[in-house]
Structure formats: structure tokens, C-alpha cells
Amino acid sequence: MMYLTKVSLWDVVKKQFRFKLKSYRGVFTSLMMLQIIGILFSLGGEGGSGGGSETFSYDTNYYSGNFILAFMMIWAFISAIVVTTQAYRYDDYSFVANRLSSHISNILFLGWASIIGGVTFLLASQSLKLAILFQQNREFIESQPMTVLQMGEGLGATILYLFLFTALGYLVGMLVQRNRIFMIILPALLFGSIFMNVLLESESTLVIDIGQIFVRETSFVLFLIKVLLASSLLYGVAAWISNSLEVRK
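The rules we used
- Residues numbered from 1 in each chain as written.
- Predicted model: local features only at pLDDT ≥ 70, side-chain atom pairs only at ≥ 80, totals over all residues.
- Heavy atoms only, no water.
- Helix = DSSP H or I, 4+ residues; strand = E, 2+ residues; numbered from the N terminus.
- Buried < 20%, exposed > 50% of the residue type's maximum accessible area, 1.4 Å probe, protein only.
- Contact = heavy atoms within 4.5 Å.
- Areas by Shrake-Rupley, 256 points an atom, 1.4 Å probe, with all protein chains shown as cover.
- Patch = residues over 30% accessible without salt bridge, like charges linked within 9 Å, V, L, I, M, F, W, Y side chains within 5 Å.
- Salt bridge = Lys/Arg side-chain N within 4 Å of Asp/Glu carboxyl O.
- Core = buried A, V, L, I, M, F, W, Y, C linked by side-chain atoms within 4.5 Å.
- Axes fitted to C-alpha atoms, helices over the stretch in contact; angles between N-to-C directions.
- Parallel < 35°, antiparallel > 145°, perpendicular 65-115°, else oblique.
- Left-handed = near helix turned anticlockwise from the far one by under 90°.
- Nonpolar A, V, L, I, M, F, W, Y, C, P; charged D, E, K, R; others polar.
- Phe/Tyr/Trp six-rings, centres within 6.5 Å; stacked < 30°, edge-to-face > 60°.

## Structural notes on the overall build of the chain
Thinking step 1. When helices and strands are counted, the chain shows nine helices and two strands.
Thinking step 2. Ordered by position in the sequence, the α and β elements of the chain form the string α-α-β-β-α-α-α-α-α-α-α.
Thinking step 3. Considering the chain as a whole, with its 249 residues, one finds that 33% of them fall into the buried category.
Thinking step 4. Counted over contacts in the chain with a minimum sequence separation of 6, partners at least 24 positions apart contribute 80%.
Thinking step 5. When the accessible area of the chain is evaluated, it comes to approximately 16400 Å², of which 67% is carbon and sulfur surface.

Written out as C-alpha cells, the structure is:
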């Protein structure tokens, strides 16, 4: 007598997700390395000022975690592209799965990576503060205090930014997998738009204008909605593009 076992989509997704957590550990190793590099860059400060008179002089340096966040956004973007490569996609054939389960597990993995990135960014920022306290020989060091609510919103915003960049990287990765010519077209469009704006002495580019939609948002709820909608659109288009990719033989 033969028995047929029906495997649900969610069961397959959970198995793929667990597999990727164990197999893609290099993603988190690169995260820690980039955070260390970001801290080292941040130790130099982001600017400063100074002044004085005949009796005294002073100088002021400004420090923040912007360098660390910038490196982490690059990490999120590249990690999503790596997940879409052929070698990583072939790993899903170890399971009785389809493209839908593969996309869902990828999104869950990148979402989890964004959460890890957000939490470790908070820790890295505090490490930067401690490093500055030990490094600088200053009588006056002022730190901007944050409430628990502000810290929570900052953590949430960091996670959402990273998730948005994973969605963008996922789309770019699928475009490159669809046709290698996008490896030339996409950088050309990016740097071409920047060059034209510099040539025309414009203060904004298309990338900056789109980014302002998220950066200038003051309401966390609206920011959350914008990021989720944009990420859903980017992931949806990437999934649609993947339908035209060649199936493994």
C-alpha cells in the first residue's frame, strides 16, 4: 500500500529558512567585519570646528554612526545580490520546493539578517562612543541622550532601511541573472545620472530625490508603510522576473 504525504508550502519554507541560516553564515561574518571597518572610519570624526582668542582656543569634533550605517547598507545590498546568484539558487533544489517557497525563504532570511544588522548596529554605535571616550583626551565630551522610545524608533528605522536595501539588491540581482547586460546598464544609469547632474550643476539626482521620500519622513508609522510598500513592490518585481529564468536541468 502506498501513502502520499502532502507537504505544505509553509513546511518547505521553514526547512529552507533553517537551511539558509546554517549555510549562509558568511553573510553575518562579513557584517561584523564591515562594522569594525565602519567604527575605524568613524573614529576620525565627521567634521569639526574651532576658534579662540588671545587667552584660549578650542576645537570641536563631531562623531556619529553614519559611516557604520553606510557600510551596513552596502552589506545589505550586496548580500541580497549574492542570494540571487545561480549557486545559491541551486541550493534550493535540495528540497522538494518551487520558486515561491524559494522567494519566501529568501525574504525571511534577508529580513532576519536586517534584524541582526539593526541590533548589532545599535551595539556598534555604543562601542564607538566607548572608543571615543578612551581615545580622546578632552575635558568636555557631550553625548546626545536618547529616550527608550527614540532608541526603539532608531532601531526600527535601521532595520527597515536595511530591509529596503535588501529588496533593492534582490531586484538588481534578479535583473543581472536575467541578462548579464544589466551589469553594465545599471551602473551606467547610476553614474550617468550623477555625472549629468554635476555637469548641469544640479544639487539633486534621481537617486537622491527618491531617497528623500524616505529620509525626510518624520512619522515612523508612515515611514514603516512606505518601506513595506516599496520593499513589497521590489520583491514582487524580482519574483516576476525570476519566472523567466531557466530551470535547472
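Picking up after the structure, the text goes on.
## Section: the environment of I115
Thinking step 1. Looking at the secondary structure, you find I115 in helix 5 (residues 99–135).
Thinking step 2. Of the residues examined, I115 reaches a relative accessible area of 35% and is grouped as partly exposed.
Thinking step 3. Separated by 45 residues in the primary sequence, I115 and L160 have C-alpha atoms spaced 8.5 Å apart.

## Notes on a nonpolar patch on the surface
Thinking step 1. Residues W112, I115, V119 and L123 make up a contiguous nonpolar surface patch of roughly 350 Å² in combined accessible area.
Thinking step 2. With respect to the secondary-structure elements, V119 resides in helix 5.
Thinking step 3. On the basis of relative accessibility, which here comes to 37%, the residue V119 falls in the partly exposed class.

## Describing the nonpolar core
For soluble globular proteins, the rule of thumb is that nonpolar side chains tend to be buried together.
Thinking step 1. With 40 residues, the main nonpolar core has I68, F109, L110, Y170, F214 and F223 as its most contacted residues.
Thinking step 2. Those elements that place two or more of their residues in this core are helix 2 (25–42), helix 3 (66–83), helix 5, helix 6 (148–178) and helix 9 (220–242).
Thinking step 3. With 11 residues, the single largest contributor to this core is helix 6.
Thinking step 4. Excluding residues within four positions of it along the chain, F223 makes contact with A157, L160, Y161, F214 and E217.

## Things to note about the environment of I132
Thinking step 1. Looking at where I132 falls in the secondary structure, it is placed in helix 5.
Thinking step 2. It is 6.8 Å that separates the C-alpha atoms of I132 and L43, two residues lying 89 residues apart in sequence.
Thinking step 3. For I132, the residues in contact, after removing those within four places along its chain, are L43 and Y63.

## Notes on the packing of helix 6 against helix 9
Thinking step 1. Two numbers describe how helix 6 lies on helix 9: the axes approach to 9 Å, and their chain directions differ by 20°. One finds that helix 6 runs roughly parallel with respect to helix 9. Two packed elements cross with a definite hand, and for helix 6 against helix 9 that hand is left-handed.
Thinking step 2. Per-class residue counts for the contact of helix 6 with helix 9 are 21 nonpolar, four polar and two charged.

## Considering the packing of aromatic side chains
The description of two aromatic rings rests on the distance between their centres and on the angle between their planes.
Thinking step 1. Across all of its chains, the model carries seven aromatic pairs by this definition.
Thinking step 2. Here the aromatic rings of Y161 and F223 are separated by 5.0 Å at their centres, their planes lie at 55°, and the arrangement is tilted. Of this pair, Y161 sits in helix 6 while F223 sits in helix 9, and the two are 62 residues apart along the sequence. Here Y161 matches F223 in class, with each residue buried.
Thinking step 3. Centroid distance Y170 to Y235: 5.3 Å. Interplanar angle 55°. Geometry classified as tilted. Of the two residues, Y170 sits in helix 6 while Y235 sits in helix 9, which places them 65 residues apart along the sequence.
Thinking step 4. The exposure class of Y235 is buried, given its relative accessible area of 6%.
Thinking step 5. An aromatic cluster is built from Y24, F28 and F109, whose rings are joined through pairwise contacts.

## Section: the pattern of salt bridges
Thinking step 1. Using the criterion set out here, one finds one salt bridge in the structure.
Thinking step 2. Measuring nitrogen to oxygen at the nearest pair gives 3.8 Å for the salt bridge that ties K14 to D11. Taken together, the positions of K14 and D11, both in helix 1 (residues 9–23) and three residues apart, correspond to about one turn of that helix.
Thinking step 3. For D11, a relative accessible area of 32% puts it in the partly exposed group.

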